[in-house]
Protein chains: 2
Amino acid sequence: MQPEQRFYAGEFRHFIDEKNRITIPARWRRGSAEEFIVLAEATHQFLLVMSPEEFSRMSAAAEADANVSARDKRVFFRQLHARSQHTTADKQGRLVLPVDLCQKVGLKGEVILVGGRGRFEIWNLQKRKRADEEETPTYQHVANVIGL
Amino acid sequence: MQPEQRFYAGEFRHFIDEKNRITIPARWRRGSAEEFIVLAEATHQFLLVMSPEEFSRMSAAAEADANVSARDKRVFFRQLHARSQHTTADKQGRLVLPVDLCQKVGLKGEVILVGGRGRFEIWNLQKRKRADEEETPTYQHVANVIGL
DNA sequence: CCCACTTTTCCCCACTTTTAACCACCTTCC
DNA sequence: GGAAGGTGGTTAAAAGTGGGGAAAAGTGGG
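Presented here is a report on the structure given in the accompanying data block. (Residues numbered from 1 in each chain as written. Chains lettered and ligands numbered in written order. Predicted model: local features only at pLDDT ≥ 70, side-chain atom pairs only at ≥ 80, totals over all residues. Heavy atoms only, no water.)

On to the protein's contact with DNA strand D. The environment of DNA strand D is made up of 28 residues, and the closest members are A:Lys19, A:Arg21, B:Lys19, B:Arg21 and B:Arg30. Backbone atoms, meaning sugar and phosphate, make up 50% of the atoms of DNA strand D lying within 4 Å of the protein. Within the side chain of A:Thr23, an N or O atom sits 3.3 Å from a phosphate oxygen of DNA strand D. Of all the secondary-structure elements, those providing two or more residues to the surface near DNA strand D are strand E1 (11-16), strand E2 (21-23) and helix H1 (26-29) of chain A together with strand E1 (11-16), strand E2 (21-23) and helix H1 (26-29) of chain B. Considered class by class, the residues forming the surface near DNA strand D number eight nonpolar, six polar and 14 charged. (Near = heavy atom within 4 Å. Polar contact = N/O pair within 3.5 Å; in protein donor to acceptor, adjacent residues only side chain to side chain. Helix = DSSP H or I, 4+ residues; strand = E, 2+ residues; numbered from the N terminus. Nonpolar A, V, L, I, M, F, W, Y, C, P; charged D, E, K, R; others polar.)

Structure below.
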């Protein structure tokens, strides 16, 4: 349907400095817009970073979903817009992260950048480790099924 | 449908000074008209701020709704127009808020500006916190449904 | 109907804090 | 040893806030 979803591959350990800046991995920077939308994930586990296009795509998906009532959609969009922030990368390829969002998710110093489809995530080290261990069994299950 | 709905992203903590002025976040100011319509939300929880165009759009949507009786529409529009006020931003990018509306909603000193689709809101700190907590479950629910 | 007088509105200036652009350095990998 | 990637710091510009003062609008009395 849409043009093409950007695929951010891999995990990277980077630092958030005292000015709340974080370098976007060079591999993700290439061919990517220098404009992003940052939002805190619902359970406050990590930060989501995506392009405005991806954000629109996601919004459209929510808008179109028949399993959600009109009222729930209204609430969702109110929250979604309130939680999200525009940011642009500087000449060095660094994002300035909103302080409040970082605090909410517990980001400071060394963090992990996790790739994804159309977006990437910024995790607290400990939280990431724990989440990864919880997810691995399921991952293995699917891997076995598809004969990986 | 319409040309393009302005997207006000994020939350900002600003101050209403003794002259009832409030600075519009610079990010929201850019590319926006300097004319706004302010109205108190029905349950007196917060102030709504939008462009005249957005106001027309909203009115048109209400007018077109087939599920509402003609009488209810009359009442709605009477209320809508009575509650709303014209304001323009000054050269510093500040809105002068109507005193009566601020009192109604309980706005004074530090407040929270909350972004939205085509409009933004001005909240009392405590009220905002409470409303946010109430809305978060629904937000999470929808977020899970669409796989956010 | 006009003239003081008060009140409100708006424009401007000043100050502080935050943001963002720029430069410099160190490390790693060809 | 050069180039590219990641990090740290400096500095100029922008954003947010407070307040003064002139113009405009409302108010009351002669």
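From this point, the discussion proceeds with the structure in view.
For the rest of this paragraph, the subject is the interface of chain A and chain B. If you look at the interface, chain A gives 27 residues, while chain B gives 29 residues. Counting the surface lost from both chain A and chain B, the interface buries some 2400 Å², and carbon and sulfur atoms represent 59% of this. Interface area lost by chain A to chain B is led by A:Phe76, A:Arg78 and A:His81, which between them contribute 26%. Summed over the shared surface of chain A and chain B, the number is nine residue pairs in polar contact (both at pLDDT 80 or more). Of the residues assigned to the side of chain A that touches chain B, the class counts are 14 nonpolar, seven polar and six charged. (Contact = heavy atoms within 4.5 Å. Buried area = accessible area lost by both parts, 1.4 Å probe.)

Moving on: the pattern of salt bridges. All names here are of chain A. All told, the structure shown has 18 salt bridges over all chains when counted by the stated rule. For the salt bridge of arginine 57 with glutamate 54, the shortest nitrogen-to-oxygen distance reads 3.3 Å. Separated by three residues within a single helix, arginine 57 and glutamate 54 lie in helix H2 (residues 52-64), roughly one turn from each other. As far as the burial class goes, arginine 57 and glutamate 54 line up, both buried. A salt bridge links lysine 129 to glutamate 133; its shortest N-O distance comes to 3.7 Å. Taken together, the residues lysine 129 and glutamate 133, both in helix H5 (residues 125-145) and four residues apart, mark about one turn of the helix. (Salt bridge = Lys/Arg side-chain N within 4 Å of Asp/Glu carboxyl O. Buried < 20%, exposed > 50% of the residue type's maximum accessible area, 1.4 Å probe, protein only.)

Right, let's get into the environment of A:Lys91. All names here are of chain A. Inspection of the secondary structure puts lysine 91 in the loop between strand E5 (84-88) and strand E6 (94-96). In this structure lysine 91 comes out as exposed when scored by relative accessible area, which is 85%. Through-space distance from the C-alpha of lysine 91 to that of glutamate 34 is 9.3 Å; in sequence the pair is 57 residues apart.

In the vicinity of DNA strand C, the contacting residues are A:Lys19, A:Arg21, A:Lys91, A:Gln92, A:Arg94, B:Lys19, B:Arg21, B:Arg27, B:Lys91, B:Gln92 and B:Arg94. Each atom of DNA strand C within 4 Å of the protein was classed as base or backbone; sugar and phosphate made up 22%. Between A:Lys19 and DNA strand C, the recorded distance is 3.2 Å, taken from a side-chain N or O atom to a base nitrogen. A:Gln92 places a polar side-chain atom, nitrogen or oxygen, 2.9 Å from a base nitrogen of DNA strand C. Its residues placed into classes, the surface near DNA strand C shows no nonpolar, two polar and nine charged.

Looking now at H2(A). Residues and elements named next belong to chain A. End to end, H2 covers 18 Å across 13 residues, agreeing with the expected 18 Å (1.5 Å per residue, within 8%). Among all positions of H2, only Pro52, Glu54, Phe55, Arg57, Met58, Ser59 and Ala62 are buried. Turning to H2, the residues buried within the fold contact strand E3 (35-40), strand E4 (46-50), helix H3 (70-83) and E5. (Expected span 1.5 Å × (residues − 1).)

Residue and element names in this part refer to chain A. Counting through the fold element by element, arginine 21 comes out in strand E2. A polar side-chain atom of arginine 21 sits 2.9 Å from a polar atom in the side chain of aspartate 17. Excluding its chain neighbours within four sequence positions, the residues that come into contact with arginine 21 are Phe15, Ile16, Arg94, Leu95 and Val96.

Attention now moves to unusual backbone geometry. A positive phi angle, near 65°, is found at A:Asn20, a position not held by glycine. Tracing the backbone shows A:Asn20 in the loop between E1 and E2.

Here the focus is the pairing of E4(A). Residues and elements named next belong to chain A. Burial analysis of E4 places five of its five residues in the buried class, the great majority of the element. Because side chains alternate across E4, one face comprises the buried residues Phe46, Leu48 and Met50, and the other comprises Leu47 and Val49, equally buried. Where E3 and E4 come together, four bridges link them in antiparallel fashion. Of the residues in E4, the one forming a bridge with alanine 40 is leucine 47. The hairpin formed by E3 and E4 contains five residues between the paired strands, and histidine 44 there has a positive phi angle of roughly 60°. Alignment of E4 against strand E8 (residues 119-124), held across five bridges, turns out to be antiparallel. Note that in E8 the partner of valine 49 across the bridge is phenylalanine 120. (Pairing = 2+ DSSP bridges.)

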